[in-house]
Amino acid sequence: LLGEKIGDSNPEAVSTDSLFIVLSHYNKGLNLAKDSEKKQKISRLNLIGSEKAKESTAYQSAIEYANTGLQLLGEGLWEKEENLALKFHLLLFELYFLTNDFTEMNRYAEIVLAKAKDTGDILNVYNTKIVAYTQISDFEKALEMGRKALQLVNVHLPSAPAGLGVVVKELIST
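These numbers come from a predicted model, not from an experiment.

(A) Representation of the packing of helix α6 (residues 82–98) against helix α7 (residues 102–115) within the structure. At their nearest, the axes of α6 and α7 sit 8 Å apart, and the two run at 150° to each other. Viewed along their axes, α6 and α7 adopt a mutual orientation that is roughly antiparallel. Judged by the twist between their axes, the crossing of α6 over α7 is left-handed. Where α6 abuts α7, its residues Glu82, Leu86, His89, Leu90, Leu92, Phe93, Tyr96 and Phe97 lie against Phe102, Glu104, Met105, Tyr108, Ala109, Ile111, Val112 and Lys115. Among the residues forming the contact of α6 with α7, the class breakdown is 12 nonpolar, one polar and three charged.

Here it is in structure tokens:
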């Protein structure tokens, strides 16, 4: 009930501390939320909570809120709530990057790349993957992601331009 009282106000206007209290109440009583409208509302609150936790660098909490919100959307989420589903997947992609969980990051990246329609979202995924592969010194995969990103904006690089192989080999050997 407390969660509903506070949560019924504008979630954007609720203070961060109050939001986390509301989410705690809602998420403990998820089994009581039966109708899809209530689940969608709680899902949106979890998205806001996840974003605020991410801003505070509380990445594990942010992942928990995002996973809970995504779970609440249920089956057929891409058909019913495409925009919200994309927001959750992009957020989880970023969070797993920030926590160096590249397996999960790549899992969410593939989903976003398959579902996203906005070129900006797709380029964001490629950019983050370039950074991730560079961090682990996998320059060939970073280069591959760069090529895919450039192709998306109609810039085509030859697969082996003169001199590039030498530069890549030099980078790999250092």
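(B) Quick look at the packing of α7 against helix α8 (residues 119–135). Remark: α7 packs on α8, axes separated minimally by 10 Å, with the N-to-C direction vectors making an angle of 155°. One finds that α7 runs roughly antiparallel with respect to α8. Remark: the crossing between α7 and α8 carries left-handed chirality. The residues of α8 that touch α7, namely those facing Phe102, Met105, Asn106, Ala109, Glu110, Val112 and Leu113, are Ile122, Val125, Tyr126, Lys129, Ala132, Tyr133 and Gln135.

(C) Broad picture of the nonpolar core. Leu70, Phe88, Leu92 and Met105 are the most contacted members of the largest nonpolar core, which has 44 residues in total. When residues of this core are traced back to their parent elements, those giving at least two are α2 (16–28), α3 (36–55), α4 (59–73), α5 (77–80), α6, α7, α8 and α9 (139–152). Here this core takes 11 residues from α6, the largest share from any one element. Those residues within four positions of Met105 in sequence are excluded, and the remaining contacts are Phe93, Tyr96, Phe97, Lys129 and Ala132.

Thresholds applied
- Residues numbered from 1 in each chain as written.
- Predicted model: local features only at pLDDT ≥ 70, side-chain atom pairs only at ≥ 80, totals over all residues.
- Heavy atoms only, no water.
- Axes fitted to C-alpha atoms, helices over the stretch in contact; angles between N-to-C directions.
- Helix = DSSP H or I, 4+ residues; strand = E, 2+ residues; numbered from the N terminus.
- Parallel < 35°, antiparallel > 145°, perpendicular 65-115°, else oblique.
- Left-handed = near helix turned anticlockwise from the far one by under 90°.
- Contact = heavy atoms within 4.5 Å.
- Nonpolar A, V, L, I, M, F, W, Y, C, P; charged D, E, K, R; others polar.
- Core = buried A, V, L, I, M, F, W, Y, C linked by side-chain atoms within 4.5 Å.
- Buried < 20%, exposed > 50% of the residue type's maximum accessible area, 1.4 Å probe, protein only.

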